[in-house]
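Breakdown of the fold
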Amino acid sequence: MVLTSPAPRRLSAHRHPLNYRLHSVSCLGHEAHLSLCSFEFYRGNATGVCKGGMPAVVGCVPGPLFATGSAQKKKRRPQQVQKRLRLKGGARPGEGRVEVLRNNEWGTVCDDRWNLVSAGVVCRELGFGSAKEALTGARMGQGMGPIHMNEVQCAGSEKSLWSCPHKNITKEGCKHSEDAGVRCNIPSMGYENTVRLSGGRSPFEGRVEVALGAGSNGTQQPWGLVCGQGWGILEAAVVCRQLGLGFASQGLQETWYWDASNVTEMVLSGVKCTGQEMTLSHCRHHDTVTCQKTGTRFAAGVICSETASDLLLHAPLVQETAYIEDRPLHMLYCAAEENCLSSSARQANWPYGHRRLLRFSSQIHNNGRADFRPKAGRHSWVWHECHGHYHSMDIFTHYDLLTPNGTKVAEGHKASFCLEDTECQEDVGKRYECANFGEQGITVGCWDLYRHDIDCQWIDITDVRPGNYILQVVINPRYEVAESDFTNNAMKCNCKYDGHRIWVHNCHIGLARLLGGPAGPKW
């Protein structure tokens, strides 16, 4: 917050007599509202008071999420500093589980002595302003990995949470069931006034209608539809956030069953969002409406939800279990049927010879606030006789081997043949299992383990030359199932392959930098 120049205000004060209500206002800086500061009232409509003074004037600077256009671009140029604080798991802007970065690894904050003052420092550091609520007991979902801070005791004036007195955590001191969170007061930007849902069975679903800008006389433009072509879960996520309805459960390209509005004109097409935008107008879209299917039945729609799942791969396990196997072709017929080998395997001299496979285990946790369920219902699952199981998702994970500049040299994929609760946290019971055509999914607080020794749990590297590479694993790569956070669905590891052995080291989730030396050979 900055003070603006007083000169124009002095002139305005001479022209218009002012009635002062408050004086001697004294704030500590962490109050959620001016009324919480100490102050004194003037009696009556006093116009002759505040001698030698002037009306208090403030100018507000928007936080990073709310800065748009040229102001945002100017701010980005000088600031290339890595973020050390973020919120995860929140259904709305300005809320979530508090996570901090230490030694290039994200971790959570323990809720011991967590209060509104410390929450206020978090909110201000992230550009939201004051704190509305300090959350305890992992109300924004449990994190994973280290817990970096405990017993945080901020005075309220700190510019960074790391500047607050705190204790380092011990293994016995805190669990992720005690992860701290915040809800911040956020500025009213009016984003919710430019989009609405119509025709749904509840306020959380419907056909998307938008009002683009204002008319020549200052009135709002008529409402129009969004072309459903290319519309998906990321675009739906922006609409749900814009309306304050939480997470996107589905992004629909046809909405004939919600045809209850008199709005019929397509006014927006080619919408492509990253999923992080605050409003649909911040997403890329066509300059001129171009929609191949223009009927109202092909307008975009959304279904929103207060909660969502959040899948996260246990990166250390990949590093610990990676090894190379030369597997005979006569043992790979089922894998070939499921397209788990590289394309050159089709020209191999079956059943003679072998394929070189980079194998590893993957353990996928659900850290969200809703169970992860396959997109397709069990009536449409496909039975695979070769392996004797049902496929509930065509593609559940992508496995890729990349050069340092990102070029793909080998790939694999894992169909979701059996989503189940392999293990759970001690206070959580298993709900999903594959036996006897059981329901598939991953319960909140549980994980699904794909062992290194099962079919397709590999990358076929038969044709890969020795060198340095990046192993990348992406969960739910097509965004077929809604999650609260897609930015943590990718894992990357550094690899060194000498033609016989492979070193896999420094595995990290999401966009973490790949630094450090090898942990040792795996074979």
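Relevant structure appears above.
Notes on the structure in this doc start here. Starting from 1, residues in each chain are numbered consecutively following that chain's sequence as written. A pLDDT threshold of at least 70 governs which residues receive local features in this predicted model, and a stricter bar of 80 or more applies before side-chain atom pairs are shown or counted, although totals over entire chains, interfaces and linings include all residues. Side-chain numbers here rest on the full set of heavy atoms in the structure, without hydrogens or water.

**Thoughts on the overall build of the protein**
Per the convention used, a helix needs a DSSP run of H or I reaching at least four residues, while a strand needs a run of E reaching at least two, with both numbered from the N terminus. Helices and strands together make up the secondary structure of the protein, namely 6 helices and 28 strands. Only protein chains enter the accessibility calculation, which uses a 1.4 Å probe; a residue whose area is less than 20% of its type maximum is buried, one above 50% is exposed, and one in between is partly exposed. For the protein, buried positions account for 45% of its 523 residues. Note on contacts: a residue pair qualifies if any of its non-hydrogen atoms lie within 4.5 Å across the two residues. Intrachain contacts of the protein at a sequence separation of at least 6 include 68% that bridge at least 24 residues. Throughout, the Shrake-Rupley method with a 1.4 Å probe supplies accessible areas, and for residues the shown protein chains are the sole cover considered. Surface exposure of the protein reaches about 27000 Å², of which carbon and sulfur atoms provide 51%.

**Describing the sheet that holds strand β25 (residues 458–460)**
Whenever strands of a sheet pair, they do so through backbone hydrogen bonds, lying parallel or antiparallel. Here, strands pair whenever DSSP counts at least two bridges between them. Judged by pairing direction, the sheet is antiparallel, and its 3 strands sit side by side in the order β16-β17-β25 without closing on themselves. The sheet terminates laterally at β16 (323–328) and β25, the two strands that pair on one side only. For this sheet, the mean inter-axis angle between neighbouring strands, taken without regard to orientation, is 35°. For strand β17 (residues 354–359) and β25, the ladder comprises 3 bridges, and the chain directions are antiparallel. Bridge assignment links L358 to a residue of β25, and that residue is I459. A fitted line through C-alpha atoms serves as each axis, taken over the contacting stretch for helices, and the angle formed by two N-to-C directions is quoted from 0 to 180°.

**Quick look at helix α4 (residues 233–242)**
Within α4, 10 of the 10 residues are buried, which leaves it mostly tucked inside the rest of the structure. Taken together, the buried positions of α4 are occupied by I233, L234, E235, A236, A237, V238, V239, C240, R241 and Q242. Buried positions along α4 lie against β9 (195–199), β10 (205–210), β12 (247–252) and β14 (301–305). The positive-phi residue at the C-terminal boundary of α4 is G244, with phi of around 70°.

**Quick notes on the pattern of salt bridges**
For salt bridges, the criterion is a side-chain nitrogen of Lys or Arg within 4 Å of an Asp or Glu carboxyl oxygen. Enumeration over the complete set of coordinates arrives at 25 salt bridges. In this structure, the salt-bridge partner of E133 is R139, at a minimum N-O distance of 3.2 Å. Looking at E133, the relative accessible area reads 26%, which means it is partly exposed. A salt bridge links R196 to E209, with the shortest nitrogen-to-oxygen separation between them at 2.7 Å. With R196 in strand β9 and E209 in strand β10, the pair connects residues that are 13 residues apart, well separated along the chain. By relative accessible area, which is 32% here, R196 ends up partly exposed. Among the residues examined, E209 registers a relative accessible area of 1% and is labelled buried. Where salt bridges share partners, they join E95, E133, R139 and R183 into one cluster.

**Overview of the side chain of S362**
Looking at the element boundaries, S362 is found in strand β18 (residues 362–366). A distance of 3.2 Å separates polar atoms of two side chains, one belonging to S362 and the other to Q457. Ignoring anything within four residues of it in the chain, the contact list for S362 reads L313, L317, Y399, D448, L449, Y450 and Q457. Here a polar contact means two N or O atoms within 3.5 Å. Within protein one must be a hydrogen donor candidate and the other an acceptor candidate, and residues neighboring in sequence count only if both atoms are side-chain atoms.

**Concerning a nonpolar patch on the surface**
Residues enter patches when their relative accessible area tops 30% and they take part in no salt bridge; the joining distance is 9 Å for like charges and 5 Å for the nonpolar side chains Val, Leu, Ile, Met, Phe, Trp and Tyr. Taken together, the side chains of L22, V25, L34 and F41 define a hydrophobic patch exposed on the protein surface, amounting to about 380 Å² of accessible area. We classify L34 as partly exposed; its relative accessible area is 48%.

**Overview of the sheet that holds strand β23 (residues 423–424)**
Strand order in the open sheet formed by 4 strands is β15-β18-β24-β23, with antiparallel pairing between adjacent strands. Looking at which strands have only one partner, the edges of the open sheet turn out to be β15 (311–313) and β23. Two elements, β15 and β18, share 3 bridges in a ladder whose sense is antiparallel. Within the sheet, the bridge partner assigned to L313 lies in β18 and is I364.

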